[in-house]
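Here's the letter readout for the chains.
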Protein chains: 4
Amino acid sequence: MQRKIEVGILGATGMVGQSFIKFLQGHPWFELTWLGASDRSAGKKYRDAAQWHLGGETPANVADLVVQESKPGNAPKLVFSAMDASVATEIEQAFASAGHAVVSNSKNHRMDPDVPLLIPEINPDHLKLIPLQQAKRGWKGMIVTNPNCTTAVLAMALAPLKPFGITKIVMTSMQAISGAGYPGVPSMDIVANVIPYIGGEEEKVQQEPQKILGSFDGAQVTPLPAKLSAHCNRVPVVDGHTETISVELSAKPSETDLLAAFQNFSGVPQERRLPSAPPHPIIYMSQVNRPQPRKDVERERGMTVFVGRLRRCPVLDYKFVAMGHNTVRGAAGAAVLNAELMVSEGLLD
Amino acid sequence: MQRKIEVGILGATGMVGQSFIKFLQGHPWFELTWLGASDRSAGKKYRDAAQWHLGGETPANVADLVVQESKPGNAPKLVFSAMDASVATEIEQAFASAGHAVVSNSKNHRMDPDVPLLIPEINPDHLKLIPLQQAKRGWKGMIVTNPNCTTAVLAMALAPLKPFGITKIVMTSMQAISGAGYPGVPSMDIVANVIPYIGGEEEKVQQEPQKILGSFDGAQVTPLPAKLSAHCNRVPVVDGHTETISVELSAKPSETDLLAAFQNFSGVPQERRLPSAPPHPIIYMSQVNRPQPRKDVERERGMTVFVGRLRRCPVLDYKFVAMGHNTVRGAAGAAVLNAELMVSEGLLD
Amino acid sequence: MQRKIEVGILGATGMVGQSFIKFLQGHPWFELTWLGASDRSAGKKYRDAAQWHLGGETPANVADLVVQESKPGNAPKLVFSAMDASVATEIEQAFASAGHAVVSNSKNHRMDPDVPLLIPEINPDHLKLIPLQQAKRGWKGMIVTNPNCTTAVLAMALAPLKPFGITKIVMTSMQAISGAGYPGVPSMDIVANVIPYIGGEEEKVQQEPQKILGSFDGAQVTPLPAKLSAHCNRVPVVDGHTETISVELSAKPSETDLLAAFQNFSGVPQERRLPSAPPHPIIYMSQVNRPQPRKDVERERGMTVFVGRLRRCPVLDYKFVAMGHNTVRGAAGAAVLNAELMVSEGLLD
Amino acid sequence: MQRKIEVGILGATGMVGQSFIKFLQGHPWFELTWLGASDRSAGKKYRDAAQWHLGGETPANVADLVVQESKPGNAPKLVFSAMDASVATEIEQAFASAGHAVVSNSKNHRMDPDVPLLIPEINPDHLKLIPLQQAKRGWKGMIVTNPNCTTAVLAMALAPLKPFGITKIVMTSMQAISGAGYPGVPSMDIVANVIPYIGGEEEKVQQEPQKILGSFDGAQVTPLPAKLSAHCNRVPVVDGHTETISVELSAKPSETDLLAAFQNFSGVPQERRLPSAPPHPIIYMSQVNRPQPRKDVERERGMTVFVGRLRRCPVLDYKFVAMGHNTVRGAAGAAVLNAELMVSEGLLD
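Since the structure is predicted, the reported quantities are computational estimates derived from the model, not experimental observations.

**Some points on the overall build of chain A**
In terms of helices and strands, chain A carries 13 helices and 14 strands. Relative to its length of 349 residues, chain A is compact, with a C-alpha radius of gyration of 19 Å against a globular reference of 20 Å. For chain A, the spread of C-alpha atoms along the three principal axes comes to 60 × 50 × 40 Å. Buried positions account for 65% of the 349 residues belonging to chain A. Put simply, of all contacts in chain A between residues at least 6 apart along the chain, 74% involve residues at least 24 apart. As presented, chain A carries roughly 11,900 Å² of accessible surface, and 49% of it is formed by carbon and sulfur atoms. Here chain A carries 34 positive and 33 negative side-chain charges, and the mean point of each set is 2 Å from the other.

**Quick notes on the sheet that holds strand β3 (residues 68–69) of chain D**
Residue and element names in this part refer to chain D. Spatial ordering of the open sheet is given by β3-β2-β1-β4-β5-β6, a layout of six strands whose pairing is parallel. Two strands in the sheet have a free side with no partner beyond their single neighbour: β3 and β6 (142–145). Summarising the sheet, strand β1 (residues 5–10) and strand β4 (residues 78–81) pair through four bridges and their orientation is parallel. From the neighbouring strand, V7 faces β4, where its bridge partner is L78. Sheet strands in contact with helix α13 (residues 332–344) are β1, β2 (30–37), β4, β5 (101–104) and β6, and its direction is about 145° off that of β5.

**Some thoughts on the interface of chain A and chain B**
Across the contact, 48 residues belong to chain A and 49 residues belong to chain B. Here chain A meets chain B over a buried area of about 3,700 Å², counting both sides, of which 58% is carbon and sulfur. The largest per-residue losses of area from chain A upon contact with chain B belong to P196, R294 and V315 of chain A, which jointly make up 17% of the total buried on that side. Linking chain A with chain B are six salt bridges, by the criterion used here. Note that E202 of chain A is salt-bridged to R309 of chain B, the shortest N-O span being 2.9 Å. Linking chain A with chain B are 27 residue pairs in polar contact (both at pLDDT 80 or more), by the criterion used here. In terms of residue class, the side of chain A that touches chain B is built from 26 nonpolar, 12 polar and 10 charged.

**Details of the nonpolar core**
If you look at the biggest cluster of nonpolar residues, it comprises 101 residues, and the most contacted ones within it are F80 of chain A together with F80 of chain D. In this view, F80 of chain D contacts V7, G8, I9, L10, F20, L24, F30, V103, A335, V336 and A339 of chain D; residues no more than four positions away in its chain are not counted. Within the second largest apolar cluster, 98 residues are counted, among which are Y46 and L337 of chain B together with V268 and L274 of chain C.

**Quick word on the relation of the copies chain A and chain B**
For the pair chain A and chain B, the best superposition has an RMSD of 0.0 Å and corresponds to a rotation of 180° with a translation of 0.0 Å parallel to the axis. Such values leave the two copies arranged in the relation of a two-fold axis. Of the residues that chain A buries at the interface, 100% are likewise interface residues in chain B, meaning the two copies contact each other through the same surface.

**Notes on the pairing of strand β2 (residues 30–37) of chain A**
All names here are of chain A. Within β2, six of the eight residues are buried, leaving the element largely enclosed by the surrounding structure. Note: strand β1 (residues 5–10) against β2, six bridges, orientation parallel. Across the sheet, residue L10 finds its bridge partner in β2, namely G36. With helix α1 (residues 15–24) bridging β1 and the parallel β2, this β-α-β connection has right-handed handedness.

Cut-off values and rules
- Residues numbered from 1 in each chain as written.
- Chains lettered and ligands numbered in written order.
- Predicted model: local features only at pLDDT ≥ 70, side-chain atom pairs only at ≥ 80, totals over all residues.
- Heavy atoms only, no water.
- Helix = DSSP H or I, 4+ residues; strand = E, 2+ residues; numbered from the N terminus.
- Rg over C-alpha atoms; globule rule 2.2 N^0.38 Å.
- Buried < 20%, exposed > 50% of the residue type's maximum accessible area, 1.4 Å probe, protein only.
- Contact = heavy atoms within 4.5 Å.
- Areas by Shrake-Rupley, 256 points an atom, 1.4 Å probe, with all protein chains shown as cover.
- Lys, Arg positive; Asp, Glu negative; His and termini not counted.
- Charge placed at Lys NZ, Arg CZ, Asp CG, Glu CD.
- Pairing = 2+ DSSP bridges.
- Axes fitted to C-alpha atoms, helices over the stretch in contact; angles between N-to-C directions.
- Buried area = accessible area lost by both parts, 1.4 Å probe.
- Salt bridge = Lys/Arg side-chain N within 4 Å of Asp/Glu carboxyl O.
- Polar contact = N/O pair within 3.5 Å; in protein donor to acceptor, adjacent residues only side chain to side chain.
- Nonpolar A, V, L, I, M, F, W, Y, C, P; charged D, E, K, R; others polar.
- Core = buried A, V, L, I, M, F, W, Y, C linked by side-chain atoms within 4.5 Å.
- Least-squares fit on C-alpha atoms with pLDDT ≥ 70 in both.
- Right-handed = clockwise from strand over helix to strand, strands pointing away.

Just distances and angles here, no functional claims.
Structure follows, in structure tokens:
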């Protein structure tokens, strides 16, 4: 077997950093050898620097790694960024400038015109922004981003419908608590409750899908010209964002057309059998009351988006439900799949 | 003080029946003296016929009442119906035919053209259907209904906007478990989960509001010609349905107009100071993350609908959140307020 | 009507402070006129200094009060302390030294030999420690404490059994999240989970009940010589601590004796009809599956402890379940009842 | 590879039956080929006879199996019983009489003197009851049982302490909802609540551990002469029973002794590397707030019992917390491990 590619994680001690650690366990291409965090954690063993918030205990292969400062120096070429938005801009740029490929889950550069906002099944061609990004910024490295967790589920569910001309979308999310990190949402606020507001979320969700579903013409990405309204809510669910979606489609397809589109959706990651690509990026569930987060979120390693309840919408054209794993397909798994696509494109040679 | 009006409850042993019992505790006009239920319960003391599912213990004033068969015979003139839909049609008609005023929470007669689907703050004039109903059916009594719990919250939140010309509504509900009765939703299905389906709910919610907000011309109710799409979900909340609502309004009002409309909304129950009328049928909350079911549902005895987060909708015109108590404003309290309006109109003399 | 006694709250912005504000609403003897908090909050209106975490909105009568520094100066004679343990020692002593009656929920002075750890139904005579306290410390004022929330429920449930000679107690608690304050327990730690540990809790619970149930001989309190083992757990319940209790009783009473003891338990607060005294400090529930926190915690304004399931214990003598409101009988309500007893004893003249 | 042993499930459509189906997926020795259920289900494909309540969808290998009547006829020799107690007695006896090895999770025969109540790590020698059972009852087949789910966790946690002379145990359980089957506990009863009662549970838990930990002398099992008190509670947790345990030990061991006993505990299943035997039947967690059901229950395929918080008990000698998977180590996994032990003993040749 070929030698694995060494990878690092920026922001390794937070919840998203831990999701990266978990998702990278046993990865066939990548070997996690470097953990970066704040100065407060640097120099400590990971087991001492971070309380493990996911199930079980700190994985043995990282427990004794010494956490590093978040500076380019000795990090591997490929680094995943799970940094807080308050610090990500400068650090990610410093790493890219120093020649690293920064595959980021942070929001900071997502909407930069020269930064791909990538979902490999949807817009793999947006990686062609990289040479433009490097030329413009004078970087040897690069920054590639994945979308917000709610966007990820929404964009995946919309992608099969793109050929039918998506013009309007109304989406309401019921989002899991793991999306808010740790300590995140106080239990006094969410046990047996709904919080009809998530700071900054609707703004992200109302603009990211159009960029992801947009067209790259060799010079820039033109966003999909669809109107999108998002109502974002927090509910007492551990993992898995559920979204109700109404869409207007200019081609006025039949329900059979749409069902086939969901069922046949596939992309480059499936063709190339990338290690983290699920066999079916979308699974349409025919049971009337599915998908459900607690019952479906762990399937397919969290990389599949589940869709159900397709039916006519009296206001727009169709409506349906989508559900996906917010810390996997919506964060760590998304970034790892992005990196796999980049490897397969030769961007990390 | 004047003598109280005796009232009865049909379907007194179920969850909605218990909500009626609780809501009628200490009522200044009505005295609960008669409980009807299935043959299985008839003849038993209420404490033996029904396990009390609400907080605390079976109220002392009903614990020793003997449950009656659900037949007109010795029931008071005014009966509230909390019967299951599978039996309500015939029994309610039998009572109305025998001269009773049946104030029903059951769905069976809601959409009958000659039956008022009543929310006293919105369409008190629909009570004028009663003489037509009595003439057509040859009844001395009558049937008056209140809407489905999700409809109740939605219709209340929409009512202040009616003057601006409501043309389209997209609504997603996050509904409390108490709406499903007892035993209702199995805990294995809803703890830390979302169920994106409630049998029969969307059909009701997509047609009842238009009737409630419709116009009575002396002969019939013409429904509001608005398109309405409902996505109904169950969430692990005990009481209180939360709804995200997007609306299109033909008059294109300003946000200030809408805010004023919510804040100034009032109706006949407030004018007449009906006992169960809240001072403000709608309270607009200015905090960015409210209303919330667990924190707001018990306020104002559950009779106020709370609205918040009014903002522009990129697809329709405006969007906002509404929350109300599903077993009070959405069931028992709604019916009691209906009966109070009927009393104030002289319909029970 | 006589003029009300002005009262203040030290630590008014935290969860316990808010519980005091809520519990004092409409109090017939006490009028809340002064709010003290940290320097960070001092000078601001309460509505701006504190986010309201309990149901509904900040009560109107305190929203516009200006928060004061936590210094004796202009505070009323009677102050309730809801301060964090990290600051309570010095500030409470400063107030007592300056002549204030500090009725504290903080743990800092509970185990001081000259400070009453008071539950008015159980050990009202421990107030006779006050002259000794004042003499020893040279204070014009005084400090009186109420127990930890878990202790409060346990001590109340044990008090009726004291005449039978309590020698051993094994208790397991299932504690509500409100006991941890705000932000308190992260939702990622407790949704659909049990945390079998609460920092510092078992130490308090294993020594406070013996002091409360101890004897005052005119000079000092001799603790009840009972062995007590506590297992403290956090569960996803909003309000109400549930405790399973096994006891050894030297008098070997019959089950009938114990049942009568629970049912007949009453004390000085009931005799004197203190405003916050519940008619029955203990209610024994005969249903096999009660008490339950969500269904019983709001009854009797949260001041009654509910007991049920009395039965033989194969290891000790008897076992049963107790449940009480942790932020009312276990905190704010406890302190207010203490102050009422102090008023009735003339300690605040 | 050798041909697999065909196995069947009696009571295949209920929750425990589904746990068996899930646990047997990919089993290296056993192949599930036969599903028995009530007459109502017999003749239908499994996918039509049973709604799948666990995560994901009905496993493909059983979805099209036709459900059979619960009669010996064409069933494999080895059948797992997940039948309801109301029908298990006769059916299990009929199968045993017809030559089947019935490995049962039902309570009906657990306390029969000639039926092993088996946990392979603890009392593998109790299988020697089988010849006595067959002789006494005239059976060619046999019945072997596993304990109640709460007992399973308790007995596993106590087993390492047996050498120190267990004389008294006080246990409080906080039990997951999955233990009640489907529909099981109504959500209105358990969301944000604790139910301090589980019908029939304490009776089972107070007698089964003594039989499991008892001694077989060639003729009969003499129960461990320990006094055991159980307080059983339901909490809103999906999977995993948590138990607080106080024990009296006649040998008065040191804490170090006990810790070593937990850490070194192992048994015949580990020696023989039975397929479902976890490497460590007990894992002692050193973190102060562990084990926790949501975070630890899925580890080690649910076959390990996690112990933590060992400390002195002021009433008995020591106390600690134990947690295990109620539908795996407490039901399906327990029975499968029992069958594996039976195979390794040649009982199924």
